[in-house]
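Understanding the architecture of this molecule
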Amino acid sequence: MKLKIESLDPTTIGRVHYDLILVCIGYEKRARYFVEAKTPEGKSKFALGFDIQKVLSYNKNLNHFQSAGYGCSVVSFAEFSEQSRHLIREAVGRTSSDADPRIIVDITSLSRARIAVLVEALAEEGRQRPVNADFVYSPAKYSAPGKQPDLITTCKPVSDYFAGWSNKPEQPLAAFVGLGYEIEKAIGVLEYLEPGWIWVFFPTGTDKRYEKAVESANSTLLTELNRNRRINYLVPRPLDCYTILNTLVSKVKETARPILIPLGPKIFSLISMLVSLANSPEASVWRVSAGEHQAAKQRRATGELVGVAVRFGEDDRN
Amino acid sequence: MRAWNSPEKARVQNQINYTGVFVPFDRSWKEQLGALGRKLPAEDQEALGIAAFTTHVLRSFVSSLRQILDIDDESTGETVVGRSISRHQEVELTQSVANSWYLSPEVPTLSGLHLALTDRLSDIAELSSQASLLSEKDARNRLANETFLHLQFLAALSSGIERIENVIGELGQWALLFDELELAPTAIIDLIVRSLRSADPRFLFKLSLSPYTPNYEMTIESAMPGHDYDLLKLWYPNKEDSYKFCRGIVQQMIAGRDLEQRTVEDVFGRSVFEGETEVDSAKPTAGYHPGSAEHKRFSALAERDRSFNDYLVQHNINLDCMDQLSEPMKARVRKLAAVVTVRETFLSTISPNGEAKFRSRKNPTLYSGATVLFDASEGNPRLLIGLVDRLLDTRQDSGRVKRNRQATEIGFALARFRAYLKTIPTEKALVPIGGARGLLAFLDTIGKHFFDQVCGPEFNAEPALSFVVDSTTTDRIMDVLAQAMNAGAIIEVSGLGSTTVSGNLRGTRFRLAYLLATQHRLPLILGRAHSLREVMISSGVQRDLF
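1. Concerning the environment of K4(A)
With respect to the element layout, K4(A) can be found in strand β1 (residues 3-7). Separated by 306 residues in sequence, K4(A) and V310(A) place their C-alpha atoms 5.7 Å apart.

2. Some words on the interface of chain B and chain A
Each partner contributes residues to the interface: chain B has 37 residues there, and chain A has 36 residues. In this assembly, chain B packs against chain A so that about 3,200 Å² is buried in total across both faces, 60% of it on carbon and sulfur atoms. Along the contact surface separating chain B from chain A lie six salt bridges. When the shortest N-O distance is used, the salt bridge between E224(A) and R416(B) registers 2.2 Å. Between chain B and chain A we count nine residue pairs in polar contact (both at pLDDT 80 or more) in total. Contributions of two or more residues to the side of chain B that touches chain A are made by α2 (27-35), α3 (42-68), α5 (110-132), α16 (381-392) and α17 (403-423) of chain B. With eight residues, the top contributor of residues to the side of chain B that touches chain A is α17(B). Along the lines of polarity and charge, the residues of the side of chain B that touches chain A split into 15 nonpolar, eight polar and 14 charged.

3. A look at the sheet that holds strand β9 (residues 528-531) of chain B
All names here are of chain B. An order of β7-β8-β6-β9 is seen for the four strands of this open sheet, with the pairing classed as mixed. Only two strands of the sheet have a single neighbouring strand rather than two, namely β7 (490-494) and β9. Put simply, the sheet's adjacent strands are angled 40° from each other on average, direction ignored. Where strand β6 (residues 464-468) meets β9, four bridges bridge the pair, whose relative direction is parallel. When the sheet's bridge partners are listed, S466 is paired in β9 with A529. Lying over the sheet, helix α18 (residues 439-455) contacts β6, β7, β8 (509-512) and β9, oriented at roughly 135° with respect to β6. Set on the sheet, helix α19 (residues 475-486) makes contact with β6, β7 and β8; between it and β7 the angle comes to about 95°.

4. Points about the packing of helix α15 (residues 370-377) of chain B against α16(B)
If you want to describe how two helices pack, look at the angle between their axes and the distance between the axes. Residues and elements named next belong to chain B. At their nearest, the axes of α15 and α16 sit 8 Å apart, and the two run at 140° to each other. It follows that α15 is oblique to α16 by the angle criterion. The element α15 and its partner α16 pack so that their crossing is right-handed. Between α15 and α16, the residues in contact are L373, F374, A376 and S377 and L383, L384, L387, V388 and L391, respectively. Residues that form the contact of α15 with α16 fall into these classes: eight nonpolar, one polar and no charged.

5. Topic: α15(B)
Residue and element names in this part refer to chain B. Counting buried residues in α15 gives eight out of eight residues, a clear majority hidden from the surface. Among the residues making up α15, those that are buried are A370, T371, V372, L373, F374, D375, A376 and S377. If you follow the buried residues of α15, they end up packed against α9 (243-255), α10 (264-268), α16, α17 and α20 (514-519). Just past α15, the residue E378 takes up positive phi, approximately 55°.

6. Some words on the sheet that holds strand β13 (residues 257-262) of chain A
Residue and element names in this part refer to chain A. One open sheet accounts for six strands, arranged β9-β14-β13-β10-β11-β12; its pairing is mixed. On the outer flanks of this sheet lie β9 (154-157) and β12 (230-234), each paired with one strand and no other. Each strand axis lies, on average, 20° off the axis of its neighbour in the sheet, ignoring direction. Relative to β12, strand β11 (residues 197-204) runs parallel, the two being bridged by five bridges. Paired with V200 across the strands is R230, a residue of β12.

7. Digging into the pairing of β11(A)
Here is the key point about a regular strand: its side chains alternate between the two faces of the sheet. β11(A) sits mainly inside the fold: six of its eight residues count as buried. A crossover connection joins strand β10 (residues 173-178) of chain A to the parallel β11(A) through helix α5 (residues 185-193) of chain A; in handedness this β-α-β unit is right-handed.

8. Things to note about the side chain of E31(B)
Tracing the backbone through its elements, the reader meets E31(B) in helix α2. No salt bridge is formed by the buried E31(B); its nearest oppositely charged neighbour, K30(B), is found at 4.7 Å. Beyond its immediate chain neighbours, meaning those up to four positions away, E31(B) contacts K156(A), P157(A), A163(A) and W286(A).

9. A word on a positive patch on the surface
The grouping of K29(A), K60(A), K141(A) and R300(A) at the surface amounts to a positive patch. Mapped onto the secondary structure, K60(A) falls in helix α2 (residues 58-67).

10. Describing the packing of α3(B) against α5(B)
All names here are of chain B. Axis separation between α3 and α5 bottoms out at 9 Å; the angle between their running directions is 165°. Overall, the two elements α3 and α5 adopt an arrangement that is roughly antiparallel. Once α3 is placed against α5, the crossing between them reads as left-handed. On α5, the residues that touch L48, A51, A52, T55, L58, R59, V62, S63, L65 and R66 of α3 are L110, S111, L113, H114, L117, T118, R120, L121, I124, L127 and S128.

11. Examining α2(A)
All names here are of chain A. Every buried residue of α2 is listed here: Y58, N61, L62 and F65. Down the axis of α2, the smallest arc covering the buried residues is 100°, so these residues share one side. For α2, exposure combined with an orientation more than 90 degrees from the buried face picks out K60 and S67. Packed against the buried residues of α2 are β3 (20-25), α1 (33-38), β5 (45-50) and β6 (71-75). Backbone geometry just after α2 places G69 at a positive phi near 85°.

12. Considering the pattern of salt bridges
All names here are of chain B. A complete count under the given rule lists 45 salt bridges over all chains for this structure. With a closest N to O distance of 2.7 Å, E409 and R390 form a salt bridge. Taken together, the positions of E409 in helix α17 and R390 in helix α16 put the pair 19 residues apart, joining distant regions of the chain. In this structure E409 comes out as buried when scored by relative accessible area, which is 1%. Exposure remark for R390: the relative accessible area of 30% places this residue in the partly exposed category. We note a salt bridge from D444 to R418, for which the minimum N-O separation is 2.8 Å. Taken together, the residues D444 in helix α18 and R418 in helix α17 connect sequence positions 26 residues apart. Overall, D444 belongs to the partly exposed group, its relative accessible area being 22%.

About the criteria used
- Residues numbered from 1 in each chain as written.
- Chains lettered and ligands numbered in written order.
- Predicted model: local features only at pLDDT ≥ 70, side-chain atom pairs only at ≥ 80, totals over all residues.
- Heavy atoms only, no water.
- Helix = DSSP H or I, 4+ residues; strand = E, 2+ residues; numbered from the N terminus.
- Contact = heavy atoms within 4.5 Å.
- Buried area = accessible area lost by both parts, 1.4 Å probe.
- Salt bridge = Lys/Arg side-chain N within 4 Å of Asp/Glu carboxyl O.
- Polar contact = N/O pair within 3.5 Å; in protein donor to acceptor, adjacent residues only side chain to side chain.
- Nonpolar A, V, L, I, M, F, W, Y, C, P; charged D, E, K, R; others polar.
- Pairing = 2+ DSSP bridges.
- Axes fitted to C-alpha atoms, helices over the stretch in contact; angles between N-to-C directions.
- Parallel < 35°, antiparallel > 145°, perpendicular 65-115°, else oblique.
- Left-handed = near helix turned anticlockwise from the far one by under 90°.
- Buried < 20%, exposed > 50% of the residue type's maximum accessible area, 1.4 Å probe, protein only.
- Right-handed = clockwise from strand over helix to strand, strands pointing away.
- Lys, Arg positive; Asp, Glu negative; His and termini not counted.
- Patch = residues over 30% accessible without salt bridge, like charges linked within 9 Å, V, L, I, M, F, W, Y side chains within 5 Å.
- Areas by Shrake-Rupley, 256 points an atom, 1.4 Å probe, with all protein chains shown as cover.
- Charge placed at Lys NZ, Arg CZ, Asp CG, Glu CD.
- Arc of directions from axis to C-beta.

Function cannot be read off these values alone, since they describe shape.
The following block contains the structure:
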């Protein structure tokens, strides 16, 4: 897949009139931060909400999006897949041939599975003609991790599209794990998958309490890991993270099967999916989730926005 | 075989009269096979999956073939196995096999053949993607017209081998080694199991499977236990059965660290769970002589624990004369030792109202010593080698590895194992136990019950440290047990039988994996058995699950 990725300057968002704006109705207060702060303008504006866990700030978020003129739908995962693909296809189809469609997606409160649907839809449209997609993410203020880990119900590729494919299945797996602060979750996944090689991506550049919590939650893994295999990445600089991850994966796939396991900040999940596209079909992206058993937790925005601007269907060589 | 350095190498090599073809599976490949053709009808999806599997087997075969036809081991100058062939022969057999397998290698060599099969795996994925964009009828026609999709792995191998042997003569037997087969799609397992009844004497099959697969049975129509296959259990109900194997591995690792003259016990010490031996009993401070470590433990417990003291009185066991007991009494005392050791380590006092209070022991060296390492690994070479390798890095100048270091490393292994158990996806909401759900909560309930047996208010000389699955156990609990068994968290002790791969777990006796047992502060012994119903209901789990 051809991709061109650049840093997104959030200050430029107000100057763009998008063909489509997609946001998420979730239960976290930060789900509406982007729209509140930037009031993006576009031909079509849609807010697609979860049909489960309508708690905490869910209704306030829904009301806000409705007041701001967003078409709001509460949708199951299957409905989300269908509706979002339709919205993207329609927005691309409406754009004249002498201009490239421009879409913006707020991934803050989307599930990783839903992010995967959107990235796949954009990539598929990008095979027909270049599509510009800006992805924004609103980091959360620090809140302490839960004392009890959530019950895991899913540990598999985030979607069939991101399952990847290998023509050398006897090669060892090379795991690239984004760390989060769920206790021992990363090492559990690694024990489950038994990769031959491991790299961990440690999130930094936010509240130091996060870093301490991530360190503590992954103490066994970090103690045993070769220091060379730990890569600290800056959450506010996702393009840098993409560059490092993509370089590693593209090299490693010559002799191993890359598998990306993005725990922790959702921006790393997006980056992983983009790296997977750039290294398709070898690199797969996995999801480890408690699904509806995940405890709903209030998260507030720090006030920062981070993002990347992606051009699907064109790479740096064009 | 080339990579293996062992004094046993020559002996073992002489016994191997086949060439192995290793066909691995793993979770990633499983998911990729599952995603292949997902948008197509089930029948077409299955066909693509089987085609990918067939190609995978043929690639593995060609890899093995390249190894046995490459006869000189450059590192040692030793000929391992071999057949020298000419370039002309290589071209001839490659072209012949390629015809049979519908391949067109760019270069008529074995490596060209291997590459063509690698490309075929890519082609299968592309074909799947293209077919997904067609109508159902067009997709079906597209797939039907691809002849290679309809190759059967065993027929293809037979045909390939026959063509090769026509050129270079007989090659002997081939052992198809399917690893982690429980991760393969059911259609593929079916295919392989049906092949077990193959009349082709050139093939041996080794299938590595999880111990329990509730949705799958080897039926009479497919293969008969004892006739078509022999079942080998790779777990050890009795831990001592693993010791010879474990000792051999660890001894070799010690020798590899320039510690040739040291035994496993020299480096790691003896485990407190082993009790006295004939050799030790000669020493004044060994065994149960007054002043020995065992004697001190027994005495310390008797002082703190009235119920243990009562037991000793009731059975006429004088601690100061334990070394002079009759043989039957010595045997009784030896049986107590593991329980006494654990109870003494963790029990602080029994309060006047009968409540047991415990000592806080963060990293007890109780779980250290050579045989504890063997027990914790359950004879799994990967786990054992990982443990021992890290420990040998920390050895002192004397060659010994400190006990607290061993206990710490076992703690790390335990943390990894528990994290793994938490990761196994639970698709159905499991039985809530004390507000918690999931496989680990279930196992922890069992562990806590056993701990109460050992360290409860009253001394118990024969605590229950294993459980039997009741006949009334519901399917919901059976699913959890199957998960636990396949994850290695519970170990079958008896009842599963030796002639079936899958079967009814009801009536089977299990113990906790010894690594998990360290979490629950248990002695690493088998103990008596309680029914699972008794274990769970005494812990507050609802009765209607049993």
